Amino acid sequence: MIVDTLTVLDLLRERGVRVARSRYVTTAKQAVAFAARGPIALRLVPGSYGSGSSLTINDLTTSQMVRHAYDRLAAQAEKFAGGQILAQRMVGPGIDIAIRCRADAVLGRIVEVRNGIHRAQGAAPLDACEAQAVLTEFFERAHLTYDPAAMRTLALLMVRVCAIFMNTASSRLTLDPIRVYADKYDVIGATLEMRRAGKSHR
């Protein structure tokens, strides 16, 4: 079972993870009200809680832009069973990465950091030093620059995400994308897939 997108984001926030401010909107008026404090993005979350592709319209800065984007997504939502429109506060520019925890039948529980074709992984759970080792390998493979403060912040995020994964009956937890800038980050998207009854991974 795939858990509702906003429910996952709320769970992450409750566990101390930085998450872009988000809420579902069901009318253009609600979307405009959400945009009152700054630019937003609107994203169509398909039926089955995000099991398909999503359509996102970014950098909506005026009421007219928000209404136009909402109407466009609302029309598309009719093509998806149970599609919902998620409004999110825009975050600053930076590098997008993903962190995925998964249960593998052979390898056990794994945590992976990736960006496009570049990735590095380690066994879950892990501590801050082990997380920094995985991150160092990833950044070197991806030819990305980083500073020590950013590395420490992301290492703590990895440890926290692993703990959430280990303490839920899930087979997969993915944070994608995570916007990284300076020594901060914001999680923009997340999915959580629960294990089927009777299945377990050591």
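The preceding data block contains the structure.
So, how was this worked out
- One numbering rule holds for all chains: residues counted from 1, following each sequence as written.
- Two thresholds apply to this predicted model, a pLDDT of at least 70 for residue-level local features and 80 or more for giving and counting side-chain atom pairs, whereas whole-chain, interface and lining totals are computed over all residues.
- The side-chain figures draw on all heavy atoms in the structure; neither hydrogens nor water molecules are used.
- When a carboxyl oxygen of Asp or Glu lies within 4 Å of a side-chain nitrogen of Lys or Arg, that pair is called a salt bridge.
- Per the convention used, a helix needs a DSSP run of H or I reaching at least four residues, while a strand needs a run of E reaching at least two, with both numbered from the N terminus.
- The buried label goes to any residue with under 20% of its type's maximum accessible area, the exposed label to any with over 50%, and the partly exposed label to all in between, with areas taken from a 1.4 Å probe on protein chains only.
- For our purposes a nonpolar core is just a set of buried Ala, Val, Leu, Ile, Met, Phe, Trp, Tyr and Cys residues, chained together by side-chain atoms within 4.5 Å.
- By definition in these notes, contact holds between two residues if any of their heavy atoms fall within 4.5 Å.

Account for the pattern of salt bridges, naming residues and giving values.
The tally for this structure, following the rule as stated, stands at 10 salt bridges. For Asp186, the salt bridge goes to Arg18, with nearest N and O atoms at 3.3 Å. With Asp186 in strand S9 (residues 184-187) and Arg18 in the loop between helix H1 (5-14) and strand S1 (22-25), this pair connects stretches of sequence that are 168 residues apart. By relative accessible area, Asp186 is classed as buried at 7%. Within the structure, one salt-bridge network assembled from shared partners comprises Arg100, Glu112, Arg114, Arg119 and Asp176.

Outline H1, listing residues and values.
The set of residues buried in H1 consists of Thr5, Leu6, Val8, Leu9, Leu11 and Leu12. Of the residues flanking the end of H1, it is Gly16, one or two places downstream, whose phi is positive at about 90 degrees.

Go over the nonpolar core with me, naming the residues and quoting the values.
One finds Leu12, Leu157, Met158, Leu173, Ile178 and Val187 to be the most contacted residues of the largest nonpolar core, which totals 43 residues. Where this core is concerned, the elements lending two or more residues are H1, strand S5 (95-104), strand S6 (108-115), helix H5 (128-142), helix H6 (148-166), strand S8 (170-181), S9 and strand S10 (190-194). When residues in this core are grouped by element, the largest group, nine residues, is from H6. In this view, Leu12 contacts Val17, Val19, Ile164, Leu175, Val187 and Ala190; residues no more than four positions away in its chain are not counted. Leu42, Leu44, Val66 and Ala77 belong to the second-largest nonpolar core, a separate cluster that totals 18 residues.

An account of unusual backbone geometry is needed here, citing residue identities and associated values.
Residue Pro125 is bonded to the preceding Ala124 through a cis peptide linkage, with omega at 0 degrees. Mapped onto the elements, Pro125 comes out in the loop between strand S7 (118-123) and H5. Cis peptide bonds are those with omega within 30 degrees of zero, and the linkage from Asp176 to Pro177 qualifies with 0 degrees. Checked against the element boundaries, Pro177 lands in strand S8. Positive phi is not limited to glycine here, since His143 has a value of about 55 degrees. Inspection of the secondary structure assignment puts His143 in the loop between H5 and H6. On the accessibility criterion, His143 (70% relative accessible area) is exposed.

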